[in-house]
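# Residue-level structure breakdown
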Amino acid sequence: LFGFVTVVGNISAKDVTVYKISGNTSVGGLIGEYHGKGTIEVQHLKVKYISGTTNVGGMMGYALNGKVYIPNASVENGEIKCVQSCGGVIGKLANSEFSLSNLNVRTDSIIGKNYIGGIVGLMEFSISTATSELRQIINYVKNLQFDKSTDSGDYIAGGVVGRLRLPGANTTAYVDFSQIISVVEHMDLRNINSGFIAQITRGDDEAKRRISMTDIL
């Protein structure tokens, strides 16, 4: 619906169905690339098929350098396909302060090679003060699958987040995961990098302490 968004303000959508959308980079069922600041309210978004090369998400492809608040959303995905950074809600989050809360996400299939997540494919922060949260989320993925069209790729796939990259020392950046129920019916365990969060980088002891997890199922 929206290719590139830089608005400071709120966006609301209700009962939106996307039958098929394909692109190269930053492909989303609702927003391709978001650099804005505000609340995105989506009462029901249904995406039957979406594909791209990088940064592909059921709701949003790429969120960069903004403030993203997504409360009370319902997202129903058919098939999501990419090479790198694809997620049931957001493909890639970078240097954005964000809150995803009270979400209900259901995805039939996510097919890709690197950084695949049931909610977010790739989350990375270089800003030292970014504070973010994912809470009160019910997430169901029927199939997380490695793209077998070529044999290359790391296949880093997580039920909630594919890859989380935090800044190093001397930072207050913080990510909170709480009250999350996540079910993956089938995961292609081609690579050992899989789980709730498949991979955490810049994983010194100080960085690990800036991740909070409570009431995770």
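Throughout what follows, the structure given in this document is the object of discussion. No experiment lies behind these values; they were computed from the predicted model shown.

## Side note on the pairing of strand S15 (residues 114-117)
Two faces make up the sheet, and in a regular strand the side chains alternate between them. In the sheet, strand S12 (residues 84-87) pairs with S15 via three bridges, with the strands oriented parallel. For glycine 87, the partnering residue across the bridge sits in S15 and is glycine 117. Here two bridges tie S15 to strand S18 (residues 157-165), and the two strands are oriented parallel to one another. Paired with isoleucine 116 across the two strands is alanine 157, which belongs to S18.

## As for the pattern of salt bridges
Within the structure shown, the criterion is met by two salt bridges. Its salt-bridge partner being glutamate 124, residue lysine 92 comes within 3.2 Å of it at the nearest N-O pair. A residue pair is termed long-range when its members are at least 10 positions apart, and lysine 92 in strand S13 (residues 90-94) and glutamate 124 in strand S16 (residues 120-124) qualify at 32 residues. When the shortest N-O distance is used, the salt bridge between glutamate 133 and arginine 135 registers 3.0 Å. Among the residues examined, glutamate 133 registers a relative accessible area of 22% and is labelled partly exposed.

## Quick look at the side chain of threonine 107
When you line up the elements, threonine 107 lands in strand S14 (residues 97-112). A polar contact of 3.1 Å, which involves the side chain of threonine 107, links it to the side chain of asparagine 77. Dropping the residues within four chain positions of it, threonine 107 is found in contact with Asn77, Gly78, Ile80, Gly88, Tyr140, Val141 and Lys142.

## Focus: the pairing of strand S7 (residues 37-42)
Bridge analysis of strand S2 (residues 11-13) against S7 gives three bridges, and the strand direction is parallel. Within S7, the position partnered with serine 12 by the bridge is glutamate 41. Bridging between S7 and strand S11 (residues 67-81) involves three bridges; their strand directions are parallel. Bridge pairing links lysine 37 to lysine 67 in S11.

## Remarks on the environment of glycine 23
Within the secondary structure layout, glycine 23 lies in the loop between strand S4 (21-22) and strand S5 (25-28). The contact partners of glycine 23, leaving out residues within four places of it in the chain, are Ser51, Gly52 and Thr53.

## Quick look at unusual backbone geometry
Its identity is not glycine, yet asparagine 72 carries a phi of approximately 55°, on the positive side. If you trace the backbone, asparagine 72 turns up in strand S11. In this structure, glutamine 179 is a non-glycine residue whose phi angle is positive, near 50°. Within the secondary structure, glutamine 179 is located in strand S19 (residues 174-187).

Thresholds applied
- Residues numbered from 1 in each chain as written.
- Predicted model: local features only at pLDDT ≥ 70, side-chain atom pairs only at ≥ 80, totals over all residues.
- Heavy atoms only, no water.
- Pairing = 2+ DSSP bridges.
- Helix = DSSP H or I, 4+ residues; strand = E, 2+ residues; numbered from the N terminus.
- Salt bridge = Lys/Arg side-chain N within 4 Å of Asp/Glu carboxyl O.
- Buried < 20%, exposed > 50% of the residue type's maximum accessible area, 1.4 Å probe, protein only.
- Polar contact = N/O pair within 3.5 Å; in protein donor to acceptor, adjacent residues only side chain to side chain.
- Contact = heavy atoms within 4.5 Å.

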